[in-house]
2 protein chains.
Amino acid sequence: MKPTEVLSQITPLSADCMQAIDELTEQKHYTKGSIIHPSGKVCKHLYFIESGLLRFFYHDRDAKDVTYQFFGENLFTSVINSYYTQTPSLYNIEAMEDSSLYVLRFADFEALLSRFPELDKVYHSVLREFLLSAEQRIISLQFYSAEERYRNLLENQPSILQRVSLGHIASYLGINQATLSRVRSKVRL
Amino acid sequence: MKPTEVLSQITPLSADCMQAIDELTEQKHYTKGSIIHPSGKVCKHLYFIESGLLRFFYHDRDAKDVTYQFFGENLFTSVINSYYTQTPSLYNIEAMEDSSLYVLRFADFEALLSRFPELDKVYHSVLREFLLSAEQRIISLQFYSAEERYRNLLENQPSILQRVSLGHIASYLGINQATLSRVRSKVRL
DNA sequence: CGCACTTTTTGACTTTTGTCAAAAACATTC
DNA sequence: GAATGTTTTTGACAAAAGTCAAAAAGTGCG
């Protein structure tokens, strides 16, 4: 799907507005493994994932590669905290699969916002989705054990487990790969 | 401060708009220990904290009292996920100190939004703050040890440590009270 | 198929955090 | 200031998760 299609499912948008979005949005293709946004740079783009899978990750104090979040098709994403605070992004964004994205400069998006107030609603809606998923994440990290977190993932986003290596999932869940492997063999029984 | 004062620091608001907010907003006082919103009910209000300290908590599977979040003066808050999804709130909101709040019904807020589009900006801004703080929280839970989380809290929100008992802080950090007590005596050295 | 490479699992051990209960410290009230 | 209740610390032990390294399994390719 194209971003305007998804957006207009949230609120109906005028033809003008959709056209303006289309004009400012650029479709880009990334091959598996390529870096879409490098850490250390302020993130100035909004991304919409048409197909593929993205991973936010960074290198912790021991230079270990830690996954912060995955984003799959039909989602909007960006390193929002980097943009909002105009500070360098902690995260790299990497394509885990060949991915087709629509890219929009944040500055252009803001111009669109003031030109088409109807966009405020979809903006709210996107922020809200971010917020709800962040809250879910906090609850899972604060209250659940490694095993429970794995089970939750298995229930709620089983497709990710198919598409991503265990090491990435382990760091995403905040646990050690060996531990995750053990949890998993236990869960299988 | 009053909510309109804080809001107009974000974006200047028209006198009309401020007056409309004032009219729909009700000031309420809660004594220490009282429940502002009970879990199990959909949360239909926005709260602005003029003074005092609030705590979101809930009872986990073993009926243990677990703190999800603290909110201090000059902040807006609400059980947003409950409102957004129209599902019962997981959390109770409790006044940890005698607190003075301004309360606004969500439905009224939404009416204000459509009447005064200028409010979209402040709404974005509030959502954004929520989001940034949620992200901080995730990072802290995902990547830091119990001791580091305590040190972070000590650096970033030392006042909370003065105002709240250790048990609440422990559950907020996702660790056991005894563990926190030990960490603390170690940090003091 | 066989080789090189990557990912996952397993074993032995360590560290971190949790549990439960009692003691100590602190507060409050009469 | 003794008595009561609450919160914090501590001790002894248990469980969960991490570490490191090697073995096993899986993948891709000439």
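Note that the structure is a prediction, hence the values are computed from the model and not measured. (Residues numbered from 1 in each chain as written. Chains lettered and ligands numbered in written order. Predicted model: local features only at pLDDT ≥ 70, side-chain atom pairs only at ≥ 80, totals over all residues. Heavy atoms only, no water.)

Within chain A, the secondary structure is distributed over nine helices and eight strands. Rg of the C-alpha trace for chain A: 18 Å, near the compact-globule value of 16 Å for 189 residues, within the 12% margin. With the C-alpha coordinates aligned to their principal axes, the bounding extent of chain A is approximately 55 × 30 × 30 Å. A burial count over chain A gives 53% of its 189 residues as buried. Relative to all contacts within chain A whose residues are 6 or more apart in sequence, the contacts with residues 24 or more apart total 71%. Counting only carbon and sulfur atoms, one obtains 50% of the accessible surface of chain A, whose full area is about 9,200 Å². Each charge class in chain A was averaged separately, 20 positive and 22 negative side chains, and the resulting centres sit 8 Å apart. (Helix = DSSP H or I, 4+ residues; strand = E, 2+ residues; numbered from the N terminus. Rg over C-alpha atoms; globule rule 2.2 N^0.38 Å. Buried < 20%, exposed > 50% of the residue type's maximum accessible area, 1.4 Å probe, protein only. Contact = heavy atoms within 4.5 Å. Areas by Shrake-Rupley, 256 points an atom, 1.4 Å probe, with all protein chains shown as cover. Lys, Arg positive; Asp, Glu negative; His and termini not counted. Charge placed at Lys NZ, Arg CZ, Asp CG, Glu CD.)

All names here are of chain B. In this structure, Gly167 sits in helix α8 (residues 166–173). Using a relative accessible area of 24% as the deciding quantity, one classes Gly167 as partly exposed. The spatial distance from the C-alpha of Gly167 to the C-alpha of Gln177 is 5.4 Å, given a sequence separation of ten residues.

On to the protein's contact with DNA strand D, then. Neighbouring residues of DNA strand D: 17 residues in total, closest Asn176 and Arg182 of chain A together with Leu166, Ser181 and Arg184 of chain B. Looking at DNA strand D alone, sugar and phosphate atoms form 58% of those within 4 Å of the protein. Contact between DNA strand D and Arg182 of chain A: a base oxygen at 2.9 Å from a side-chain N or O atom of the residue. Mapped onto the surface near DNA strand D, the elements with two or more residues apiece are α9 (177–188) of chain A together with α8 and α9 (177–188) of chain B. Across the surface near DNA strand D, the residue classes tally to five nonpolar, eight polar and four charged. (Near = heavy atom within 4 Å. Polar contact = N/O pair within 3.5 Å; in protein donor to acceptor, adjacent residues only side chain to side chain. Nonpolar A, V, L, I, M, F, W, Y, C, P; charged D, E, K, R; others polar.)

For the rest of this paragraph, the subject is the sheet that holds strand β1 (residues 26–30) of chain B. Residue and element names in this part refer to chain B. Within the open sheet, the four strands sit side by side as β1-β8-β3-β6. Their pairing is antiparallel. Of all strands in the sheet, those with a lone pairing partner are β1 and β6 (76–77), marking the two edges. Here strand β3 (residues 45–51) runs beside strand β8 (residues 99–105); their pairing, made up of six bridges, is antiparallel. When the bridges of β8 are listed, Ser51 appears paired with Ser100. (Pairing = 2+ DSSP bridges.)

So, about the side chain of Thr77 of chain B. All names here are of chain B. Following the sequence through the fold, Thr77 ends up in strand β6. What makes Thr77 buried here is its relative accessible area of 0%. The residues touching Thr77, leaving out its near neighbours within four places in the chain, are His45, Leu46, Tyr47, Ile49, Leu54, Phe56, Phe71 and Phe130.

Contacts to DNA strand C come from 18 residues, most closely from Leu166, Ser181 and Arg184 of chain A together with Asn176 and Arg182 of chain B. Sugar plus phosphate, as a fraction of atoms of DNA strand C within 4 Å of the protein: 58%. Between a base oxygen of DNA strand C and a side-chain N or O atom of Arg182 of chain B, the distance comes to 2.9 Å. Those elements giving two or more residues to the surface near DNA strand C turn out to be α8 (166–173) and α9 of chain A together with α9 of chain B. For the surface near DNA strand C, a count of residues per class yields five nonpolar, nine polar and four charged.

The next subject is the pattern of salt bridges. In the structure shown here, the tally under the stated rule is 14 salt bridges over all chains. The partner of Lys2 of chain B in a salt bridge is Asp22 of chain B, with the nearest N and O atoms 3.8 Å apart. In this pair, Lys2 of chain B is assigned in the segment before α1 (3–10) and Asp22 of chain B in helix α2 (residues 15–24), connecting sequence segments 20 residues apart. Judged by its relative accessible area of 33%, Lys2 of chain B is partly exposed. By sharing partners, the salt bridges in this structure join Arg55, Asp65 and Glu94 of chain A into a single network. (Salt bridge = Lys/Arg side-chain N within 4 Å of Asp/Glu carboxyl O.)

Bear in mind that shape data such as this cannot, by itself, settle questions of function.
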